[in-house]
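# Report on the structure
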Amino acid sequence: MLKTSRRTVAKVIADQLLNGASSEKLMQQLAGYLVKHGLTKQSDLYLRDIESLLATRGHSIVDVTTARELSDSLRKQITKAFAGQQSVVLREHIDESVIGGIRIQTSDKLFDATVSEKLRQLRA
Amino acid sequence: MPHIVTQFGEAAASGGNLFQALGIDARMLIFQIIGFLVLVFFMGKFVFPILNKSIDKREAAIRESANAVEKARADAAEAEKRIQKQLDEAKQQAADAIDVAHKEAAALLAAAEEKAKKRADHIVETAHARLEQDEQAARESLRKEVKHLVADATETIIKQKLDSKGDAAVIESAIASQERR
């Protein structure tokens with residue numbers, strides 16, 4: 001099997017996801033590909049490329065980090081903030097070390113409004 | 001006088017010789033005149049020239065001495081003038097040298113004062129800069145320490161006071177501010 005460029009692999013997976021293919025199955029195939037070619041250390045880069053390609057086509061995957069679980073109301077507000085996108089998938093993370101506030105990260109942007117970040121800026 | 005006139009009269013009356021009347025021997029007188037003339041001739045021929053020569057020599061010596069004295073006086077006066085001139089020149093040179101030395105000393109003193117002043121100014125300036133740096137560093141250190149203390153205190157308070165409701169409000173505010181951008 002020929003080794004394909006990361007960008008091409010990401011594009012194929014993004015296309016298949018948008019065509020309704022099972023994400024679980026695609027991730028398994030991607031994992032197999034990475035293991036076979038010894039590219040497991042680059043898994044984050046592949047995922048970031050896939051997310052970036054999806055974002056350019058109006059489908060954003062957003063990592064949201066808070067100290068407590070988000071309420072439905074907040075989820076709606078966050079989704080609303082990405083009004084230009086066809087679909088928004090929130091990937092929520094609970095991290096008490098942020099103390100409060102929210103950190104929102106997309107494939108190409110980072111918005112950090114956590115209390116821990118404010119305190120870090122204050123200490124700097 | 002009347003006696004002499006009387007004798008002349010008596011001699012004339014007796015018809016005798018006047019010289020005899022006067023008691024003068026005419027031949028003796030002639031011999032004496034001749035002897036006198038011989039003496040004068042002799043003196044003029046042999047004595048006076050020697051005396052004159054000696055006198056002239058003496059006069060020349062005296063004149064020479066006088067000239068020498070005059071010349072010595074003139075030389076002395078000239079030497080005195082020259083010495084005075086040299087003394088004046090030496091005094092002037094000494095005065096000039098002293099003046100130059102004073103000026104150079106004043107210049108050296110002024111330069112030394114200026115150099116010392118610059119050095120002192122530099123030292124003061126350096127000290128001020130050092131103090132300012134130290135003060136700035138102390139302020140910066142204090143500012144950082146205060147910021148850390150404030151941050152630590154704020155973290156502690158927020159951890160104690162921030163509940164789910166307050167956290168939600170913080171998140172809503174952050175999202176709203178992001179949307180306004």
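Residues numbered from 1 in each chain as written. Chains lettered and ligands numbered in written order. Predicted model: local features only at pLDDT ≥ 70, side-chain atom pairs only at ≥ 80, totals over all residues.

### Regarding the overall build of chain A
- Within chain A, the regular secondary structure consists of five helices and four strands.
- Secondary structure elements of chain A occur, N-terminal to C-terminal, as α-α-α-β-α-β-β-β-α.
- Split into buried and exposed, the 124 residues of chain A put 22% on the buried side.
- Of all intrachain contacts in chain A linking residues separated by at least 6 positions in sequence, the fraction that spans at least 24 positions is 63%. (Helix = DSSP H or I, 4+ residues; strand = E, 2+ residues; numbered from the N terminus. Buried ≥ 20, exposed ≤ 12 C-beta atoms within 10 Å, placed from the backbone. Contact = placed C-beta atoms within 7 Å.)

### Considerations on the sheet that holds strand β2 (residues 87–94) of chain A
All names here are of chain A.
- Ordered by their spatial adjacency, four strands build an open sheet running β2-β1-β3-β4, and the pairing between neighbours is mixed. Whereas interior strands pair on both sides, the edge strands pair on one side only; in this sheet they are β2 and β4 (110–114). Along the sheet, successive strands turn relative to each other by an average axial angle of 20 degrees, direction set aside.
- Where strand β1 (residues 59–66) meets β2, eight bridges bridge the pair, whose relative direction is parallel. Considered in β2, the bridge of T65 is made with H93. (Pairing = 2+ DSSP bridges. Axes fitted to C-alpha atoms, helices over the stretch in contact; angles between N-to-C directions.)

### Notes on the confidence of the model for chain B
All names here are of chain B.
- Averaged over chain B, the pLDDT score is 88; the fraction of residues at 70 or greater is 90%.
- Helix α3 (residues 26–161) holds the highest mean pLDDT among the elements of chain B, 93, whereas helix α1 (residues 2–14) holds the lowest, 61.
- At the level of chain-chain contacts, confidence expressed as ipTM amounts to 0.73, with global pTM at 0.53. (pLDDT = per-residue confidence, 0-100.)

### Some thoughts on α3(B)
All names here are of chain B.
- Compared with an ideal rise of 1.5 Å per residue, which puts 136 residues at 202 Å, α3 spans 189 Å between its outermost C-alpha atoms and is within 8% of the ideal.
- Remark: the principal bend of α3, roughly 45 degrees, maps to G44.
- Among the 136 residues in α3, zero count as buried, and that is only a small part of the element. (Expected span 1.5 Å × (residues − 1). Bend = angle between axes of the 7 residues up to and from the residue.)

### Regarding the interface of chain B and chain A
- At the junction of the two partners, chain B supplies 19 residues and chain A supplies 18 residues.
- Secondary structure elements with two or more residues in the side of chain B that touches chain A: α3 and α4 (164–180) of chain B.
- Along the lines of polarity and charge, the residues of the side of chain B that touches chain A split into nine nonpolar, four polar and six charged. (Nonpolar A, V, L, I, M, F, W, Y, C, P; charged D, E, K, R; others polar.)

### Side note on unusual backbone geometry
Residue and element names in this part refer to chain A.
- One non-glycine residue, I99, lies in positive phi territory at about 70 degrees.
- Relative to the helices and strands, I99 is located in the loop between β2 and β3 (101–105).
- A residue is classified by how many C-beta atoms lie within 10 Å of it, and I99, with 21 of them, is buried.

### Focus on the packing of helix α5 (residues 115–123) of chain A against α3(B)
- Running from N to C, α5(A) and α3(B) cross one another at 165 degrees; their axes reach a closest spacing of 8 Å. Accordingly, the angle class assigned to the pair α5(A) and α3(B) is roughly antiparallel. As for how α5(A) packs across α3(B), the hand of that crossing is right-handed. Residue-level inspection shows V115(A), L119(A), L122(A) and R123(A) of α5(A) in contact with α3(B), the latter providing K147(B), H148(B), V150(B), A151(B), T154(B), E155(B) and I158(B). (Parallel < 35°, antiparallel > 145°, perpendicular 65-115°, else oblique. Left-handed = near helix turned anticlockwise from the far one by under 90°.)

### Concerning the packing of helix α4 (residues 72–81) of chain A against α4(B)
- α4(B) packs onto α4(A) with a crossing angle of 10 degrees between their chain directions and a minimal axis gap of 10 Å. Judged by the inter-axis angle, α4(A) sits roughly parallel to α4(B). Relative to α4(B), α4(A) is oriented so that their crossing is left-handed. Counted together, L74(A), Q77(A), I78(A) and A81(A) of α4(A) and A168(B), I171(B), E172(B), I175(B), Q178(B) and E179(B) of α4(B) form the full contact between these two elements.
- When grouped by side-chain class, the residues that make up the contact of α4(A) with α4(B) number six nonpolar, two polar and two charged.

### With respect to the nonpolar core
- Counting residues in hydrophobic clusters, the biggest one holds nine residues: V9(A), A10(A), I13(A), A14(A), Y46(A), I50(A), L53(A), L54(A) and A55(A).
- Those elements that place two or more of their residues in this core are α1 (6–18) and α3 (43–56) of chain A.
- With eight residues, the next largest nonpolar core counts V62(A), I102(A), V170(B) and I171(B) among its residues. (Core = buried A, V, L, I, M, F, W, Y, C linked by C-beta atoms within 7 Å.)

### A look at the environment of L90(A)
All names here are of chain A.
- With respect to the helices and strands, the residue L90 is situated in strand β2.
- Take L90: there are 16 C-beta atoms within 10 Å of it, and that puts it in the partly exposed class.
- For the pair L90 and I78, spaced twelve residues apart in sequence, the C-alpha separation works out to 8.6 Å.
- When residues no more than four places from it in sequence are discounted, the contact partners of L90 are V62, V64, R75, I78 and T79.

### Brief notes about the pairing of β3(A)
All names here are of chain A.
- The sheet contact formed by β1 and β3 spans four bridges and is antiparallel. Bridge pairing links D63 to Q105 in β3.
- Here β3 pairs with β4 via five bridges, running antiparallel. Paired with R103 across the bridge in β4 is D112.
- Hairpin connection between β3 and β4: a loop of four residues separates the two successive antiparallel strands.

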